[in-house]
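Each chain is listed here by its residues.
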Amino acid sequence: MLRNGAAGGGGGPAAGGAAAQRPVRVWCDGCYDMVHYGHSNQLRQARAMGDYLIVGVHTDEEIAKHKGPPVFTQEERYKMVQAIKWVDEIAPGAPYVTTLETLDKYNCDFCVHGDDITLTIDGKDTYEEVKTAGRYRECKRTQGVSTTDLVGRMLLMTKAHHSNIDEDLDYRKHTDNFGKGPKGHSPWTGVSQFLQTSQKIIQFASGKEPQPGDTIIYVAGAFDLFHIGHVDFLEKVHQLAEKPYIIAGLHFDQEVNRYKGKNYPIMNIHERTLSVLACRYVSEVVIGAPYAVTADLLDHFRVTLVCHGMTEVVPDKDGSDPYEEPKRRGIFQLVDSGSNLTTDLIVQRIIKNRLEFEARNQKKEAKELAVLEAMKRLEEEKH
């Protein structure tokens, strides 16, 4: 995707008609707090528009000013974004409002954002300047997921989001309150259910088969709310071999609920699949892996090493050790990620911030609805 000169006009970094072919550099920015597969999908689409993707991540201070305090620290958020396989480079401490100065500083041709709106504390479009200069591109927002929805699932503690369970009325009632201001419903912050398609899996999958000389490493778990603890673990596993091929086995929702209880998993099997596939350390995912790591599974994938983190291993339904077979073969290894962050701890962090989240979402809805009203009025004035 090499281009002549700058893409998108506006006197970009290579303006002046330089004939030299050079890579198209793309800019994305955001908070990337509680990174989910919606963010990953946006970055995947942005990367496809050029040759090199730089992602600007805002500081804790900037986010607190415009949106309310983030759940994750900036260091955690930088590491999460860096772990997404379509990201070539991150720019820590990127300004909340995207300027031409920032695009030029990083030698980027244009910036890409989803087709929702991002507003500053005083209700202005944060992409106004780059839009005017013609250095803005849009990609499709991922239907069926938002940070607001995930927070809602945690706060409500229902199982309505699990696959194969009918939506319960509590959940619907809560979603109606959670992503809604007094004046109605914003299409951007509202809650909807994600629909998995084979196309989406293909877009996220690496498509790479194991090569001769690869060390095939199997890891299994819920990988729920894919977070920095998971990234640290997978990074450590990745370092165990010169040519690692990591297969992640994801347990079905009902299995995860059996050993985790409450309303876990927060993300259903379809959502967890995409979250794990987006990670640069993972080559393949088993969707609905058996809880016990069996001889059949090890032979089928030609597994040479099975790894587990330092978290407790809950016995199988019959009381047996799910890692009995890899242990018998002498291919089981415990890996210390050095991180103590678990899905439980994240949920506790969020519940602690519950009132701030609720207040923030009400405000965000009100801002978005005000912009919608203004856009509607402009349309009406045109006709």
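The paragraphs below set out a description of the structure included in this document. (Residues numbered from 1 in each chain as written. Predicted model: local features only at pLDDT ≥ 70, side-chain atom pairs only at ≥ 80, totals over all residues. Heavy atoms only, no water.)

### With respect to the packing of helix H3 (residues 74-82) against helix H9 (residues 228-238)
Link 1 in the chain: Running from N to C, H3 and H9 cross one another at 55°; their axes reach a closest spacing of 10 Å. Looking at the two axes, H3 sits oblique to H9. Note that H3 runs across H9; the crossing there is left-handed. Along the contact surface, H3 presents Glu76, Lys79 and Met80, while H9 presents Ile228, Val231, Asp232 and Glu235. (Axes fitted to C-alpha atoms, helices over the stretch in contact; angles between N-to-C directions. Helix = DSSP H or I, 4+ residues; strand = E, 2+ residues; numbered from the N terminus. Parallel < 35°, antiparallel > 145°, perpendicular 65-115°, else oblique. Left-handed = near helix turned anticlockwise from the far one by under 90°. Contact = heavy atoms within 4.5 Å.)

### Description of the nonpolar core
The nonpolar side chains of soluble globular proteins are, as a tendency, buried together.
Link 1 in the chain: Counting residues in hydrophobic clusters, the biggest one holds 65 residues, and the most contacted among them are Val55, Val219 and Leu234.
Link 2 in the chain: Considering every element that reaches this core, the biggest residue donor is H9, with five residues.
Link 3 in the chain: When we break this core down by domain, the ones giving at least three residues each are domain 1 (25-138) and domain 2 (198-334).
Link 4 in the chain: Ala220, Leu297, Val306 and Ile331 belong to the second largest nonpolar core, which has 14 residues in total. (Core = buried A, V, L, I, M, F, W, Y, C linked by side-chain atoms within 4.5 Å. Buried < 20%, exposed > 50% of the residue type's maximum accessible area, 1.4 Å probe, protein only. Domains from an automatic or database assignment.)

### Points about the packing of aromatic side chains
Link 1 in the chain: Tallying each qualifying case throughout the model produces six aromatic pairs.
Link 2 in the chain: Aromatic pair Phe223 and Phe226: ring centres 6.5 Å apart, planes at 35°, arrangement tilted.
Link 3 in the chain: Under the relative-accessibility criterion, Phe226 is labelled buried at 7%.
Link 4 in the chain: Seen in terms of ring centroids, Tyr259 and Tyr291 are 5.1 Å apart; in terms of plane orientation they differ by 35°. Their pairing is tilted. (Phe/Tyr/Trp six-rings, centres within 6.5 Å; stacked < 30°, edge-to-face > 60°.)

### Comments concerning the sheet that holds strand S4 (residues 52-57)
Link 1 in the chain: Sheet architecture is open: five strands sit in the order S5-S4-S3-S6-S7, paired in parallel fashion. Single-partner strands in this sheet number two, and they are strand S5 (89-92) and strand S7 (136-139). Pairwise comparison of adjacent strand axes, ignoring direction, gives a mean angle of 30° for this sheet.
Link 2 in the chain: Strands strand S3 (25-30), S4, strand S6 (110-114) and S7 of the sheet are contacted by helix H1 (residues 37-48), whose axis makes an angle of about 140° with S4.
Link 3 in the chain: Across the sheet, H3 lies against S4 and S5, angled at about 160° from S5, the strand it touches most. (Pairing = 2+ DSSP bridges.)

### Focus: empty space enclosed by the protein
Link 1 in the chain: Under the defined criterion, the tally for this structure stands at two cavities of 30 Å³ or more.
Link 2 in the chain: Considered as a void within the structure, the largest cavity measures approximately 120 Å³ in volume.
Link 3 in the chain: Together, 14 residues line the largest cavity, and Met34, Val35, Phe72, Leu225 and Phe226 are the ones closest to its centre.
Link 4 in the chain: Residue classes in the lining of the largest cavity are distributed as eleven nonpolar, two polar and one charged.
Link 5 in the chain: Counting contributing residues per domain, the lining of the largest cavity is built from domain 1 (25-138) and domain 2 (198-334), each supplying no fewer than three.
Link 6 in the chain: Put simply, the second largest cavity is a space of about 100 Å³.
Link 7 in the chain: What lines the second largest cavity is a set of 14 residues, and nearest its centre among them are Val35, Ser40, Met80, Phe226 and Ser275.
Link 8 in the chain: Here the lining of the second largest cavity is built from residues that sort into eleven nonpolar, three polar and no charged.
Link 9 in the chain: Here the lining of the second largest cavity gathers at least three residues from each of two domains, domain 1 (25-138) and domain 2 (198-334). (1 Å grid on protein atoms, 1.4 Å probe; cavity = no way out; pocket = protein on both sides within 12 Å on 5 of 7 lines; lining within 4 Å. Points joined across faces, edges and corners; volume = space filled by probe spheres on them. Nonpolar A, V, L, I, M, F, W, Y, C, P; charged D, E, K, R; others polar.)

Remember that the coordinates give geometry; whether it matters functionally is a separate question.
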